[in-house]
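What follows is the residue order along each chain.
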Amino acid sequence: MKVIGYIIQKEFKQIFRNKGMLPIIFVLPLLQLLILSNAATYEVKNILFAYIDEDRSASSRELIEKFNASEYFDVKASYVNYKQASEAMLKGEVSVLLHIPQDFERNLVRYKKTDLSITIDAIDGAAAGVESGYINQIIQGFNKKIRLELLSFSNGNSKPVRIETIPSFWYNTTLDYKTFMVPGILVLLVTMITLFLSGMNIVREKEIGTLEQINVTPIRKGEFIIGKLFPFWVIGMGLLTIGLILAKLIFNTPMLGSIGLLYFYTSFYLLVILGMGLLISNYTDTQQQAMFIAWFFVVIFILMSGLFTPIESMPKWAQWFTELNPIKYFVEVVRMVMLKGAGFTDILPQLIKTLAYAFVLNVLAVWSYKKVS
Amino acid sequence: MKEENVIISKGLTKRFGGFTAVDAITFEVKKGEIFGFLGANGAGKTTAMKMLIGISNPTGGEAMVAGFDVHTQQDAIKKNIGYMSQKFALYDDLTVAENITFYGGIYGLSRKQIREKRTKLIETLGLGEIAHQLVGSLPLGWKQKLAFSVAMLHDPQIVFLDEPTGGVDPITRRQFWEMIYKAADEGTTIFVTTHYMDEAEYCHRVSIMVAGKIEALDTPKKLKEQFEVSSMNDVFLRLARNIE
Amino acid sequence: MKRFLGFVRKEFYHIFRDKRSLFILFGMPVAQILLFGFAITNEINNVDIAVLNQSKDVNTQEITQKIDASKYFTIKRFLTSEKEIEEAFKKGDIKAVINFEKDFSEHLIKEGQGSIQILTDATDPNTASAITNYISSIIQSYQQQQNQGVQMDYQIHPEVRMVYNPELKSVFMFVPGVMTIILMLVSAMMTSISITREKELGTMEILLVSPLSSFQVIVGKVVPYIFLSMINAAIIIFLGITVFKMPIAGNLILLGLESVLFIITSLALGILISTMVKTQQTAMMISLMGLMLPVILLSGFIFPISSMPAPLQVISNIVPAKWFITIAKGIMLKGVGLGYLWKETLILIGMTVFFIALSIKKYKIRLE
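Rules behind the numbers
Residues numbered from 1 in each chain as written. Chains lettered and ligands numbered in written order. Predicted model: local features only at pLDDT ≥ 70, side-chain atom pairs only at ≥ 80, totals over all residues. Axes fitted to C-alpha atoms, helices over the stretch in contact; angles between N-to-C directions. Helix = DSSP H or I, 4+ residues; strand = E, 2+ residues; numbered from the N terminus. Parallel < 35°, antiparallel > 145°, perpendicular 65-115°, else oblique. Left-handed = near helix turned anticlockwise from the far one by under 90°. Contact = placed C-beta atoms within 7 Å. Nonpolar A, V, L, I, M, F, W, Y, C, P; charged D, E, K, R; others polar. Domains from an automatic or database assignment. Buried ≥ 20, exposed ≤ 12 C-beta atoms within 10 Å, placed from the backbone. Pairing = 2+ DSSP bridges. Core = buried A, V, L, I, M, F, W, Y, C linked by C-beta atoms within 7 Å.

### Looking at the packing of helix α10 (residues 259–282) of chain A against helix α11 (residues 287–303) of chain A
Residue and element names in this part refer to chain A. Between α10 and α11, the shortest axis-to-axis distance is 9 Å and the interhelical angle comes to 135 degrees. On the basis of their axis angle, the class for α10 and α11 is oblique. The crossing of α10 and α11 is right-handed. Where α10 approaches α11, its residues Gly277, Ile280 and Ser281 are matched on the opposing element by Ala290, Ile293 and Ala294. Of the residues that constitute the contact of α10 with α11, the class distribution is 4 nonpolar, 2 polar and no charged.

The following block contains the structure:
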């Protein structure tokens, strides 16, 4: 038992003495948390907008003004013909083009209907869909206004019925994407650091020969493994703490649930990650190999974790696969506890699955660590 | 006083697939002996030693080290032996004192014992001024002496040294062998592998491995008489030529 | 020259003998492309929602049916009171609740107006907006149906054209994106590791004392990775074309050349990293931790740069990946040539020169 203490002492000394690594372990992730959380947003803003107005009527000018006034669109230029405009779109200077034909106003008044043409750069399909939605909204609003004005001159037909939809956004009334992303990114950073460090650690001792030296001592492999991994568990929890403080201070991320619950869950989650790191280092010979394999799994797990894209949108086979993804559970728990105030019973399914995962992985890892070859 | 055998090997074998690295070696080492385990690079010395120190499972044969079976009692063996690897495996980013403390702790010594030994060691080796320097910054000779001392920290019955003098100058080598003599005088058995044939002269008895088999086993004096040569180097050359 | 080639050959041996690393090197892009192509998407499908119908009249039932029939939504539960809403959201399986007001049909007939509340779990604001929009549009089209008898005068008909990607396929976004990430990370990481490993093992000094100039040593170390990365790029494009039917509108050769340029930029970055660190571990951690997230998030790969706050948009300009993604998308999807991309190309060249110059300077300082 005391032996574990000696190993832990040595590990901590080595970690903190490594002046080059310290900023990478502590400063880099937190810096990324601060900066990158601001980058993550699916909102589409500052849409590069241009128009061709062949009508130049009061109506067309009014419609263009509506786009100008909108906070989503950035009116960049107006063009004389379509060729000019598509040239600009090719260059990437314009994303949305509004083309108002010559008899726009006249047709509207005389024939009670008129056409418009919208061209959208759809390379980013998702963004294009969103932009199309915004455009529709503006045009519908304009249409309604015009109709009311024009209708007041004619006899009213029977009034159409109107169904009003009232949206209500729970847990995130401002639809702030950061509220969603900050906890997720924090999860990512804690996972990456813990996995990479633990994965490389034992391999490094293999490479420099001290592992063999230790294998000749009477130390039990359980003692050795616990001593080696415990410091990284501490670092993981430490990063979580600092990250949470930053999230609260700088992003004002809500913390509706119990922090204790979050720590409780994380302490088990880290066991999964450390087990993975240990398993990887048992099967690799060089640090490079260990890093590569760890990287491979991390990227796949991150992409399939529900952090950047929702799991519900994945095909059934992929959703099945995410059951094996520990990061998915962590992301879910963090969001449920912090943003919805979930309690112990609410996260029980994730907790149980994580515990099972930790158990299996660590048993495998310890079994595969051979003091004797 | 009857001399007991602290290492007994009978037909010890290690095979890797179709390749036999250690081919049924049989020998004994007496308590307090300095036993030289010689052979060219690749002859199988290190593989054989790994079986004796309990980090490699033999494919065949038997061996007892410090009274324990190498097949089934590997942990007990490790409690009673010391080991110095070829790479002088000390932690470059820990200080001299910290390395001693660490290995002392790993061997299960009490805090008091560690403190005493550490002080004694630093004094004996004359490391007083550099006790708090990182091992990485030490010259090779100091590392070597430190590694040996660390291997002896828990007063083991037998100490295994794997090519302990690689890369050091002759004076340091001499000093190192003086440390070995002192330990042997105090009753520790020394099992040392080397490919420096002149170091064989320093041993009580030597064995010479060629291609996995022990082809010679006796005192250096008797071997030189047997092959009618004047140096262990020549013994080895003769042996190698005979095999061909 | 012969010596140099011999050195390059040794580097190739190193790489190809390390089967595990090789497997990851080539397996990684394949795995990512497949994931992105088949599993990862923002579109919503079969979202589980609940309905709270306090009216239970003709209109509300018709609307409910319409929503259930849509491929976007699956009505999982019918709630009986507003208290149950919080419970449903907390459990996490319900993403939205549709709440019809009492006496909906009556209001519709008497006052010509009825209201429906769409409550969404907005912890993921993006999905919440999308769900709200889809439900709204289903309700709107129902409204349209109801008003068919009534003349809708003064109707503006917008005709929307999606160009470059009419089917709004997401493959167009991620193939260039994955290519960029893999090329950048692999090149930078592998180079920095390769050079620092020689430093750690001590064999670097041997190389430097050899007749090879230090320039040749560095170039020799880097050359194999150019080939490796090109193969990776080819695999990714090949998969994009065959599995996902992504068309290449532009010049494939230009794409190849620009890819080589970007690979060299990333390699130069790897060399710079190796001059700044002492151990492999540090090199790897900087490459992975320091490059991965910024490249994914700031390059315009997943999140549009134009939507980011201004300071981040400025920072994204120093991420080489951002420029290459623009180039790759331009060539692959818009079919443009160098004439349109000269600015981005020049920037990449500039960055490469800068990284190399800085590396040389740091290297010289160390020698003195």
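### Some thoughts on the domain arrangement of chain A
Domain boundaries in chain A define domain 1 (2–40 + 174–368) and domain 2 (47–151). Look at where the C-alpha atoms of domain 1 of chain A and domain 2 of chain A centre, and you get two points 49 Å apart.

### Side note on the interface of chain A and chain C
Between chain A and chain C, the residue contacts involve 96 residues of the former and 98 residues of the latter. Residue assignment for the side of chain A that touches chain C shows that the elements contributing at least two residues are α2 (21–36), α4 (82–91), β4 (113–121), α6 (125–151), β5 (162–170), α7 (177–208), α11 and α13 (326–340) of chain A. When residues in the side of chain A that touches chain C are grouped by element, the largest group, 13 residues, is from α6(A). Partitioning the side of chain A that touches chain C into residue classes produces 54 nonpolar, 24 polar and 18 charged.

### What to know about unusual backbone geometry
Residue and element names in this part refer to chain B. Its identity as a non-glycine residue notwithstanding, Ala24 has a phi of 50 degrees, on the positive side. The phi dihedral of Ala211 falls on the positive side, at around 50 degrees, and the residue is not glycine. Structurally, the position occupied by Ala211 is in the loop between β9 (205–210) and β10 (213–218). In this structure Ala211 comes out as partly exposed when scored by C-beta crowding, with 15 C-beta atoms within 10 Å.

### Topic: the interface of chain B and chain A
Taken together, the contact pairs 22 residues of chain B with 21 residues of chain A. Within the residue set of the side of chain B that touches chain A, elements represented by two or more residues are α2 (74–80) and α3 (96–106) of chain B. When its residues are assigned to classes, the side of chain B that touches chain A shows 9 nonpolar, 7 polar and 6 charged.

### Section: the sheet that holds strand β5 (residues 68–69) of chain B
Residue and element names in this part refer to chain B. With antiparallel pairing, 4 strands are arranged side by side in an open sheet as β2-β1-β4-β5. With one partner strand each, in any of the chains shown, β2 (19–30) and β5 form the two edges of the open sheet. Across 5 bridges, the pairing between strand β1 (residues 5–16) and strand β4 (residues 60–65) is antiparallel. Across the sheet, Ile7 pairs through a bridge with Val65, a residue of β4. Each of β1, β2 and β4 touches helix α1 (residues 45–52); the most contacted strand, β1, lies at about 120 degrees to it.

### Things to note about the packing of α7(A) against α10(A)
Residue and element names in this part refer to chain A. Look at α7 against α10: their axes get within 8 Å of each other, and the N-to-C directions meet at 35 degrees. Handedness of the crossing formed by α7 with α10: right-handed. Across the interface between the two elements, Thr191, Thr194, Leu195, Ser198, Gly199, Asn201, Ile202 and Val203 from α7 touch Leu270, Ile273, Leu274, Met276, Gly277, Leu278, Ile280 and Ser281 from α10.

### Thoughts on the nonpolar core
Side chains of a nonpolar character, in soluble globular proteins, are inclined to be buried together. Counting 280 residues, the largest nonpolar core has Phe196(A), Leu52(B), Phe160(B) and Leu185(C) as its most contacted members. Discounting chain neighbours no more than four positions away, the residues touching Phe196(A) are Met291(A), Ala294(A), Met285(C) and Leu288(C).

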